[in-house]
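# Coordinate analysis (summary)
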Amino acid sequence: MKKVTKAIIPAAGLGTRVLPATKAQPKEMLVIVDKPSLQYIVEELVASGITDIVIVTGRNKNSIEDHFDFSYELENTLRKDGKMELLKKVDDISNMANIYYVRQNHPLGLGHAILKAKSFIGDEPFIIALGDDIVYNPETPVAKQLIDTYNKYGGNIIGVQEVKKEDVSKYGVVKPSKILDEDTVEMIDFIEKPSMEEAPSNLACLGRYLLSPEIFDYLETTEAGKGGEIQLTDGILKMLQNNKKVIAYTFKGKRYDIGNKIGLLKANIEFGLRNPETKNDLIDFLKNEIKL
Ligand code: G1P
């Protein structure tokens, strides 16, 4: 079993659901308490043993590169002012992992964005972590859970959770077949954003994948699907149709969809309640507000 050390974070989307916040800044840089959402994802990957990350970006995304880079002026100022704790926080960001960038150049869909990272991945299994999905699990980060599942069963792993029936049309939805254990099931079908009637289950892909590099061959011949875009789901479906093993793993952790307004607010409140610096004031504030 090859060790999983590489990951792709697609971050080229336009973030239209949170406009105008994303007019001049990437949605991946929107803040949750004191960190851009993308940093939570990079931290999850690093805590899972990933050492090399490629971020697929597009226009207007330069602040992502600046954020993960060494900031000479800022670090010097913090050092001069004796703000050593902050200095460490800032410096750690630029040392977390080897981060590379590739531009998507045409917004042709998630499958196309992943294909852009092909030469970076080479011949190894790798993780995909979508920027809209933040998962909180301080014990075992979700990417690590996928790697553990891969080490046990091999194949390709799709991170899923059950969603409400009325929400299935927002996701790639899995048709399960053979049960492997209580959290893990082999798949026989994968449908991108089905209607409630079409959905084969309520097990939805929530933005984490562990895939074999074979996916690139399938994506290369995948035509535009739902929404006129080249869908990663359709590439994975092709793998299934060619008898490749694809497993749905129900991961443990609380997931936030930060690609929309309410998800972003919920994430801010819950992470704010977990943060010792903001917790007490936030509780007082919420108590007062809710009384109104
Ligand atoms: C993408 C995928 C979808 C997946 C979802 C998870 O959709 O295409 O299969 O379930 O992410 O967040 P998007 O939300 O980018 O439209």
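Structural notes, computed from the coordinates. Keep in mind that what you see is a predicted model, and the values were worked out from it rather than measured.

What follows concerns the overall build of the protein. Looking only at helices and strands, the protein has 11 helices and 13 strands in total. Its C-alpha atoms give the protein principal-axis dimensions of roughly 60 × 50 × 35 Å. Counting only residues that meet the buried cut, the protein has 50% of its 292 residues in that class. Looking at the protein alone, contacts between residues at least 24 apart form 75% of all its contacts between residues at least 6 apart.

The next thing to look at is the packing of aromatic side chains. In this description, an aromatic ring pair is defined by two values, namely the gap between the centres and the angle between the planes. Summed over the entire model, instances satisfying the criterion amount to six aromatic pairs. Relative to Phe271, the ring of Tyr256 lies with its centre 5.4 Å away and its plane at 50°, an arrangement referred to as tilted. On the criterion of sequence distance, the pair formed by Tyr256 in strand 13 (residues 254–257) and Phe271 in helix 10 (residues 261–274) is long-range, its members being 15 residues apart. For the residue pair Tyr256 and Phe271, the accessibility class agrees, reading buried in each case.

In this section: the site of the ligand. Leu110, Leu130, Asp133, Tyr171, Gly172, Glu192, Lys193, Cys205, Gly207, Gln231, Thr233 and Arg255 make up every residue found near the ligand. Lys193 is positioned with one of its side-chain polar atoms (N or O) 2.7 Å from an oxygen atom of the ligand. Considered on its own, the ligand offers 380 Å² of accessible surface; in the complex 79% of this is hidden by protein. A class-by-class count of the residues in the shell around the ligand yields four nonpolar, four polar and four charged.

Remember that side chains alternate between the two faces of the sheet whenever the strand is regular. Residues of strand 6 (residues 126–129) alternate between two faces, with Phe126 and Ile128 on one and Ile127 and Ala129 on the opposite face, all of them buried. Strand direction decides the pairing type here: strand 1 (residues 6–10) and strand 6, joined by three bridges, are parallel. In the strand pairing of strand 6, Ala7 is matched with Ile127.

On to helix 7 (residues 142–153), then. For helix 7, spanning 12 residues, the distance from its first C-alpha to its last is 17 Å, which sits close to the expected 16 Å at 1.5 Å a residue. Buried within helix 7 we find Val142, Ala143, Gln145, Leu146, Ile147, Thr149, Tyr150 and Tyr153. Of the residues trailing helix 7, Gly154 is marked for its positive phi of about 70°.

In this section: the nonpolar core. Counting residues in each nonpolar core, the largest one holds 49 residues, and the members touching the most others are Leu45 and Ile127. Per element, the largest residue contribution to this core is six residues, and it comes from helix 7. In contact with Leu45, not counting residues within four places along its chain, are Ala7, Ile9, Ile50, Ile53, Ile127, Ala129 and Ala143. Judged by nonpolar contacts, the second largest core, of 32 residues, contains Ile121, Val174, Val185 and Phe190.

Before going further, it helps to spend a moment on the side chain of Asn137. Take Asn137: it is sitting in the loop between strand 7 (133–136) and helix 7. Here Glu139 takes part through its backbone nitrogen, which lies 2.9 Å from a polar atom of the side chain of Asn137. Setting aside anything within four residues of it in sequence, one finds Asn137 in contact with Gln145, Lys252 and Gly253.

Most of strand 1 is tucked away, with five of its five residues classed as buried. Neither face of strand 1 is exposed, since Lys6, Ile8 and Pro10 on one face and Ala7 and Ile9 on the opposite face are all buried. By the bridge criterion, five bridges tie strand 1 to strand 4 (residues 52–57) in an arrangement that is parallel. Note that in strand 4 the partner of Pro10 across the bridge is Val56.

Turning our attention to the pattern of salt bridges. One pass over the structure, following the stated rule, counts 18 salt bridges. Two residues, Lys27 and Asp132, come together in a salt bridge whose shortest N-O distance is 3.0 Å. Of this pair, Lys27 sits in the loop between strand 1 and strand 2 (31–32) while Asp132 sits in the loop between strand 6 and strand 7, placing them 105 residues apart in sequence. Accessibility expressed as a relative area gives 17% for Lys27, which makes it buried. Accessibility expressed as a relative area gives 16% for Asp132, which makes it buried. Two residues, Asp167 and Lys170, come together in a salt bridge whose shortest N-O distance is 3.5 Å.

About the thresholds
Residues numbered from 1 in each chain as written. Predicted model: local features only at pLDDT ≥ 70, side-chain atom pairs only at ≥ 80, totals over all residues. Heavy atoms only, no water. Helix = DSSP H or I, 4+ residues; strand = E, 2+ residues; numbered from the N terminus. Buried < 20%, exposed > 50% of the residue type's maximum accessible area, 1.4 Å probe, protein only. Contact = heavy atoms within 4.5 Å. Phe/Tyr/Trp six-rings, centres within 6.5 Å; stacked < 30°, edge-to-face > 60°. Near = heavy atom within 4 Å. Polar contact = N/O pair within 3.5 Å; in protein donor to acceptor, adjacent residues only side chain to side chain. Areas by Shrake-Rupley, 256 points an atom, 1.4 Å probe, with all protein chains shown as cover. Nonpolar A, V, L, I, M, F, W, Y, C, P; charged D, E, K, R; others polar. Pairing = 2+ DSSP bridges. Expected span 1.5 Å × (residues − 1). Core = buried A, V, L, I, M, F, W, Y, C linked by side-chain atoms within 4.5 Å. Salt bridge = Lys/Arg side-chain N within 4 Å of Asp/Glu carboxyl O.

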